[in-house]
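Coordinate inspection notes
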Amino acid sequence: MHTNVQLDKDIKCAILTVSDTRDYETDKGGQLAQSLLSELNVSIASEHYRIVKDEQDLIQKQLREWLKEDIDVIITTGGTGIAQRDVTIEAVSALITKEIEGFGELFRYLSYTEDVGTRALLSRAIAGAVGDKLIFSIPGSTGAVKLALNKLIKPELNHLVKEITK
């Protein structure tokens, strides 16, 4: 649908998978995010793909390190549900200075209409800015990653990065 998106500049990304059970071999969501972003020639250095446990301090520690680096966009996968261990949203929300409410709203709408039906209400996907950097927090399933990247993030990446760096 949006395969002809061209980037105006070299956009640097980081991907953080939040999971108590995934490792680098079984992290299908994080791997898919890398693959979909590579279609746009987005830069993801090997040190900018990490997996951390569902613990708020570990998530924030990694995000804070990346926020100091030359990275434009951070995508987190996993930990966005309502289970007791799902704390990605709490960790990310504490860092966000400007929330992009429309991202979560559209993600849930598209999830509802195209994929999971009423189970979409369980998703707490969010996006926002921290200074001149963007963070997107999405569920870790491959369906959710594909939906978020192909329908929302990739088509607007140029515009979002341009706006956040004004």
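These figures come from a predicted structure and were not determined experimentally.

Points about the sheet that holds strand E1 (residues 13-18)
- Taken in spatial order, the six strands of this open sheet run E2-E1-E3-E6-E5-E4, and their pairing is mixed. The outermost strands of the open sheet, each flanked by one partner alone, are strand E2 (49-52) and strand E4 (98-99).
- Alignment of strand E5 (residues 126-130) against strand E6 (residues 133-138), held across five bridges, turns out to be antiparallel. Pairing of Val130 across the sheet is with Lys133, part of E6.
- Here helix H4 (residues 101-116) sits on the sheet and contacts E4, E5 and E6; the angle it forms with E6, its principal contact strand, is near 25 degrees.
- Running at roughly 165 degrees to E6, helix H5 (residues 142-164) makes contact with strand E3 (73-77), E5 and E6 of the sheet.

Quick look at the side chain of Thr76
- Among the structural elements, Thr76 can be located in strand E3.
- For Thr76, the side chain forms a polar contact with the side chain of Ser137, separated by 2.7 Å.
- Apart from residues lying up to four places away in sequence, Thr76 is in contact with Leu16, Leu63, Thr88, Val92, Ile135, Phe136, Ser137 and Ile138.

Some words on the nonpolar core
- Within the largest apolar cluster, 31 residues are counted, with the highest numbers of intra-cluster contacts made by Val73, Ile75, Phe103, Phe136, Leu149, Ile153 and Leu157.
- Counting only elements with at least two residues in this core, the list comes to E1, helix H1 (28-38), E2, E3, H4, E5, E6 and H5.
- In contact with Ile153, other than residues within four places in its own chain, are Ile75, Phe103, Phe136 and Ala148.
- Counting 19 residues, the second-largest nonpolar core is a separate cluster that includes Ile71, Ile74, Val87 and Ile126.

Notes on the UniProt feature "domain: MoaB/Mog" (unreviewed entry) in the protein chain
- UniProt feature "domain: MoaB/Mog" (unreviewed entry): in the numbering of this structure it lies at residues 14-160.
- Between the C-alpha atoms that bound residues 14-160 the distance is 16 Å, and the span itself is 44% helix and 18% strand.

A word on the packing of aromatic side chains
- If you walk through the whole model with that rule in mind, you get three aromatic pairs.
- Judged by centre distance (6.4 Å) and plane angle (25 degrees), the ring pair of Phe103 and Phe107 falls under stacked. Remark: Phe107 and Phe103 occur in helix H4; sequence separation between them is four residues, near one turn of the helix. As far as burial versus exposure is concerned, Phe103 and Phe107 are alike and both buried.
- Among the aromatic residues, ring-to-ring pairing joins Phe103, Phe107 and Phe136 into one connected group.

A few points about the pattern of salt bridges
- Enumeration over the complete set of coordinates arrives at nine salt bridges.
- With a closest N to O distance of 2.7 Å, Glu39 and Lys154 form a salt bridge. Here Lys154 lies in helix H5 and Glu39 lies in the loop between H1 and E2, a separation of 115 residues in the sequence.
- The residue Glu65 makes a salt bridge to Lys61 at a minimum N-O spacing of 3.6 Å. Note that Glu65 and Lys61 are positioned in helix H2 (residues 56-67) at a spacing of four residues, about one turn of the helix.
- For Glu65, a relative accessible area of 36% corresponds to the partly exposed category.
- The network of salt bridges with common partners includes Asp10, Lys12 and Asp70.

Reading guide: rules and limits
- Residues numbered from 1 in each chain as written.
- Predicted model: local features only at pLDDT ≥ 70, side-chain atom pairs only at ≥ 80, totals over all residues.
- Heavy atoms only, no water.
- Pairing = 2+ DSSP bridges.
- Helix = DSSP H or I, 4+ residues; strand = E, 2+ residues; numbered from the N terminus.
- Contact = heavy atoms within 4.5 Å.
- Axes fitted to C-alpha atoms, helices over the stretch in contact; angles between N-to-C directions.
- Polar contact = N/O pair within 3.5 Å; in protein donor to acceptor, adjacent residues only side chain to side chain.
- Core = buried A, V, L, I, M, F, W, Y, C linked by side-chain atoms within 4.5 Å.
- Buried < 20%, exposed > 50% of the residue type's maximum accessible area, 1.4 Å probe, protein only.
- UniProt positions renumbered as here; feature names shortened; annotations may be inferred.
- Phe/Tyr/Trp six-rings, centres within 6.5 Å; stacked < 30°, edge-to-face > 60°.
- Salt bridge = Lys/Arg side-chain N within 4 Å of Asp/Glu carboxyl O.

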